[in-house]
Amino acid sequence: MGLKENLERDTVEKLELRAAITLTAEQSIRDAIEAMRRGGLGCAIIVDDQRHPTGIFTEAMLRNAIFHSPECVDDQLSEHTAETFPWVVTSDPVETVLDAMEIKNHRFVVVVDESGAVVGLTGQKGLMEYVADHFSEEVMVQRVGAEAYPNHREGA
Amino acid sequence: MTRPENNQTEFQDPLENYDSPTYDDSIEQALVEEPVTSIQSRPYASVSPDIRVADAIKRLVEDEIACLLVEDEGRLVGVFSDRDILDKVALEFDDMKDRPVKDVMSPDPVYVFDTDSSAAALTVMAVSGYRHVPVVDLDQKLIGIISPQRVTRFLREHAG
């Protein structure tokens, strides 16, 4: 079965979800930076007390906030988060993530369960891994970061 | 002495049974047979290693991009991205803003050659874990950059 069919058939559960960094709106940008550094992740999700997502704070927002006001790191997250953000339910097709990436150029997509609670994060990286896994014979054997061609000729 | 031709066995081409590959999927064929230059890699934004960190951030903001290629005389020496701002600049802005970007960029980035197959760009993203993949020619001169969005567009075009 081709990639196109799999994108329509497979659900988001099939993607390698990343553990989401969750914070409350009252926490500071500094808290978010420290958590994102610890987690090696490019975004934090703002949640309410039932873990329902209410906003997202990304590296791109951090870059813009720092540029306009370097002192913003002590601001509350609520002053800088995006309240509209892409999200999918675990039972949605993978194609939904592809659409969010290609059409809306979103890097992160919040994944929630049927109750609306955050269960993880996916996005560009998760989708690339999914595609690579689909074509593992082609993708996983590539030379990366070495010389373009041998420096020495083959043989004795 | 025997004549050489009397002692020779008949030449057998080791590739005579070679079957050219067949593909189940048009995307699979594109990944193997089309070079990375089939994926859009321009425009790209680049800066000198000596530009101030504050000015590099300004460039990212004004161009609404997440990654700058750092090039020195046409050669790729590093990348400066949102991740570098998060990890090295955000909490240290006052100390870092006037430093040259070469102090905080990620040096020696993983790149692909323009002659590589398009699958190589996916490898860098999926295996090495980098979202932006610089493309260089065989003389290491910078040609462009491939983003996940550009790869996605490439996949869509070949999905039919």
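Please refer to the structure higher up on the page.
What this report covers is the structure whose coordinates are included nearby. In this text, all values refer to a predicted model and were calculated from it rather than measured experimentally. Along each chain, residues carry numbers from 1 onward, in the same order as the chain's sequence is written. Lettering for chains starts from A, numbering for ligands starts from 1, and both go in the order in which the items are written. The model is predicted, so local features are restricted to residues of pLDDT at least 70 and side-chain atom pairs to those at 80 or more, both for listing and for counting; the totals for chains, interfaces and linings are taken over all residues. To get the side-chain values, take all heavy atoms of the structure and skip hydrogens and water.

**Comments concerning the interface of chain B and chain A**
At step 1: Note on contacts: a residue pair qualifies if any of its non-hydrogen atoms lie within 4.5 Å across the two residues. In this assembly, 48 residues from chain B lie in contact with 46 residues from chain A.
At step 2: Together chain B and chain A conceal approximately 4,000 Å² of surface at their shared face, both sides included; 64% is due to carbon and sulfur atoms.
At step 3: Buried surface area refers to the total accessible area, computed with a probe of radius 1.4 Å, that the two partners give up upon joining, counted for both partners together. Together, B:Leu86, B:Leu91 and B:Arg156 form the three largest contributors to the area buried by chain B at its contact with chain A, with a combined 17%.
At step 4: Whenever a carboxyl oxygen of Asp or Glu lies within 4 Å of a side-chain nitrogen of Lys or Arg, that contact is scored as a salt bridge. There are 5 salt bridges connecting chain B and chain A.
At step 5: Its salt-bridge partner being A:Arg63, residue B:Asp82 comes within 2.8 Å of it at the nearest N-O pair.
At step 6: Side-chain atoms alone can form a polar contact between residues adjacent in sequence; in general such a contact is a pair of N or O atoms within 3.5 Å, and within protein one must be able to donate a hydrogen while the other accepts it. Summed over the shared surface of chain B and chain A, the number is 10 residue pairs in polar contact (both at pLDDT 80 or more).
At step 7: Secondary structure elements with two or more residues in the side of chain B that touches chain A: helix H2 (26–33), helix H3 (53–63), helix H4 (82–89), helix H6 (118–128) and helix H7 (148–159) of chain B.
At step 8: Here a helix means four or more residues in a row that DSSP labels H or I, a strand means two or more in a row labelled E, and each is numbered from the N terminus. Considering every element that reaches the side of chain B that touches chain A, the biggest residue donor is H6(B), with 9 residues.
At step 9: Just so you know the grouping, Ala, Val, Leu, Ile, Met, Phe, Trp, Tyr, Cys and Pro go in nonpolar, Asp, Glu, Lys and Arg go in charged, and all remaining residues, Gly too, go in polar. Considered class by class, the residues forming the side of chain B that touches chain A number 29 nonpolar, 7 polar and 12 charged.

**Overview of unusual backbone geometry**
All names here are of chain B.
At step 1: The residue after Arg42, namely Pro43, is reached through a cis peptide bond having omega 0°.
At step 2: You can see Pro43 is positioned in the loop between H2 and strand E1 (46–47).
At step 3: Within the chain, Glu64 stands out as a residue other than glycine whose phi angle is a positive 55°.
At step 4: One can find Glu64 in the loop between H3 and strand E2 (67–72).
At step 5: Phi at Gln140 takes a positive value of approximately 65°, unusual for a residue other than glycine.
At step 6: Mapped onto the elements, Gln140 comes out in the loop between strand E6 (133–136) and strand E7 (142–146).

**Observations concerning helix H2 (residues 29–39) of chain A**
At step 1: For H2(A), the complete set of buried residues consists of A:Ile29, A:Ala32, A:Ile33, A:Ala35 and A:Met36.
At step 2: Against the buried residues of H2(A) lie strand E1 (22–23), strand E2 (43–47), strand E3 (53–58) and helix H3 (59–68) of chain A together with H4 of chain B.
At step 3: A:Gly40 sits one or two residues past H2(A) and shows a positive phi near 60°. Partly exposed residues are those whose accessible area sits between 20% and 50% of the maximum for their type, while under 20% is buried and over 50% is exposed, using a 1.4 Å probe and protein chains only.

**What to know about empty space enclosed by the protein**
Once rolled over the atoms, a probe with the size of a water molecule shows which space is left empty.
At step 1: A cavity here means a set of points on a 1 Å grid, drawn over the protein atoms and nothing else, where a 1.4 Å probe fits but cannot get out; a pocket is an open set with protein on both sides within 12 Å along at least five of seven lines, and a residue lines either one if it has an atom within 4 Å of a point. Grid points are joined across faces, edges and corners, and a volume is the space filled by probe spheres set on the points. Across all of its chains, the model carries 1 cavity of 30 Å³ or more by this definition.
At step 2: Lining the largest cavity are A:Gln124, A:Lys125, A:Met128, B:Met125, B:Tyr130, B:Arg131 and B:Pro148.
At step 3: The leading source of residues in the lining of the largest cavity is helix H5 (residues 124–134) of chain A, at 3 residues.
At step 4: When grouped by side-chain class, the residues that make up the lining of the largest cavity number 4 nonpolar, 1 polar and 2 charged.

**Quick look at the layout of surface pockets**
At step 1: Estimates place the volume of the largest pocket at around 920 Å³.
At step 2: Lining the largest pocket are 33 residues, and of these A:Arg63, A:Asn105, B:Glu64, B:Ile65 and B:Ala66 sit closest to its centre.
At step 3: Within the residue set of the lining of the largest pocket, elements represented by two or more residues are E3 and H3 of chain A together with H7 of chain B.
At step 4: Sort the elements by how many residues they give to the lining of the largest pocket and H3(A) lands first, with 5 residues.
At step 5: The class makeup of the residues in the lining of the largest pocket is 16 nonpolar, 9 polar and 8 charged.
At step 6: Within this model, the second largest pocket holds a volume of roughly 430 Å³.
At step 7: Forming the boundary of the second largest pocket are 24 residues, of which B:Val79, B:Ser81, B:Arg83, B:Tyr130 and B:Arg131 lie nearest the centre.
At step 8: Mapped by element, the contributors of at least two residues to the lining of the second largest pocket are E2, strand E3 (75–81), H4, strand E4 (106–107) and E6 of chain B.
At step 9: It is H4(B) that contributes the most residues to the lining of the second largest pocket, 4 residues altogether.

**Comments concerning the sheet that holds E3(A)**
All names here are of chain A.
At step 1: A sheet is described by the order of its strands in space; here 3 strands give the open sequence E1-E2-E3, paired in mixed fashion. Each edge of the sheet is formed by a strand with only one pairing partner; in this case those strands are E1 and E3.
At step 2: Bridge analysis of E1 against E2 gives 2 bridges, and the strand direction is parallel. Among the inter-strand pairings, Leu23 is bridged to a residue of E2, identified as Ile46. Pairing between strands is defined by DSSP: at least two bridges between the two strands are required.

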